[in-house]
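Survey of secondary and tertiary structure
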Amino acid sequence: MELNTTYILSQVFIVVSYIFLISTYQFKNRTTILLFGFLSAVATGASHFCLAAYSGLAMTCVSVIRNSIFFVQEKKGKSDKITKVDWAILVVLFSIAIVSAVLTYQGFLSLMSVFATLIYTYSVWQKNTKVYKYLGPPTSICWIIYDIYITSWFGMLLESALMISAIIGIIREHKSK
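Residues numbered from 1 in each chain as written. Predicted model: local features only at pLDDT ≥ 70, side-chain atom pairs only at ≥ 80, totals over all residues. Heavy atoms only, no water.

**Details of helix H1 (residues 5-24)**
In an α-helix, one turn spans 3.6 residues; hence positions three or four apart end up facing the same way. Here H1 contains 20 residues, and its C-alpha end-to-end distance of 29 Å stays within 8% of the 28 Å for a straight helix at 1.5 Å per residue. For H1, the complete set of buried residues consists of Tyr 7, Ser 10, Gln 11, Ile 14, Ser 17, Tyr 18, Leu 21, Ser 23 and Thr 24. Contacts made by the buried residues of H1 are with helix H2 (30-50), helix H5 (111-125), helix H6 (129-134), helix H7 (136-149) and helix H8 (153-175). Two or three places before Thr 6, at the opening of H1, Asn 4 has a side-chain oxygen 3.1 Å from that residue's backbone nitrogen. (Helix = DSSP H or I, 4+ residues; strand = E, 2+ residues; numbered from the N terminus. Expected span 1.5 Å × (residues − 1). Buried < 20%, exposed > 50% of the residue type's maximum accessible area, 1.4 Å probe, protein only. Contact = heavy atoms within 4.5 Å. Polar contact = N/O pair within 3.5 Å; in protein donor to acceptor, adjacent residues only side chain to side chain.)

What follows is the structure, given as structure tokens:
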């Protein structure tokens, strides 16, 4: 890792990304979670581009597509019940992620971004914000490993903070009952 302008810019983008993402674990409204997740994915994509982390970049493209689809569905007032269309969307998103993983494979550790994306995609797909919060820590673990692999030190640090935020969100969820 060379400390140059591109690397510094990648770390600025990742900080912006995590400001959006950390806040998602404190929201109860799925539309707000999806909107902030979308903004986070755009900033993460810019960071991965700067780092030439192509698996991560591909997964953030999947994230942008995913959050856009889910956000539009949520705005249309779709029910909380999972439909055949919802299942089809999940299959398509998983397929895009897997094809992207094959095309951008850079070694086993590059797959950590794929695992994180698949877990996170399921967590926001199923429409239950509790499941979203519970799947936050395993998603974070995958991203931490990937961030170490691509030498995104702020990414690793902030993903750790995100995992703590997710755990706090889980605790708050339990206390509110």
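Next, the rest of the story.
**Some remarks on the side chain of Ser 165**
Within the fold, Ser 165 resides in helix H8. On the basis of relative accessible area, Ser 165 is assigned to the buried category, the value being 7%.

**A short note on the packing of aromatic side chains**
Inspection of every chain in the model, using the stated rule, returns 7 aromatic pairs. Taking the centre distance of 6.0 Å and the plane angle of 45° together, the rings of Tyr 146 and Tyr 149 count as tilted. In this pair, Tyr 146 and Tyr 149 are both assigned in helix H7, 3 residues apart and thus about one turn of the helix distant. What makes Tyr 146 buried here is its relative accessible area of 0%. For Tyr 149, a relative accessible area of 32% translates into the label partly exposed. Here a set of aromatic residues connected by ring pairs shows up, and it is made of Phe 20, Phe 27 and Phe 36. (Phe/Tyr/Trp six-rings, centres within 6.5 Å; stacked < 30°, edge-to-face > 60°.)

**Considerations on the packing of H1 against H2**
The interhelical angle for the contact between H1 and H2, taken along N-to-C directions, is 165°, at an axis separation of 8 Å. As the angle between them shows, H1 and H2 are arranged roughly antiparallel. Between H1 and H2 lies a crossing whose hand is left-handed. In contact with Thr 6, Leu 9, Ser 10, Phe 13, Ile 14, Val 16, Ser 17, Phe 20, Leu 21, Ser 23 and Thr 24 of H1, H2 contributes Ile 33, Phe 36, Gly 37, Leu 39, Ser 40, Ala 43, Thr 44, Ala 46, Ser 47 and Cys 50. (Axes fitted to C-alpha atoms, helices over the stretch in contact; angles between N-to-C directions. Parallel < 35°, antiparallel > 145°, perpendicular 65-115°, else oblique. Left-handed = near helix turned anticlockwise from the far one by under 90°.)

**Some remarks on the environment of Val 131**
Structurally, the position occupied by Val 131 is in helix H6. Exposure remark for Val 131: the relative accessible area of 27% places this residue in the partly exposed category. A sequence separation of 34 residues divides Val 131 from Ser 165, and the C-alpha atoms of the two residues are 15 Å apart. Discounting chain neighbours no more than four positions away, the residues touching Val 131 are Tyr 122, Ser 123 and Gln 126.

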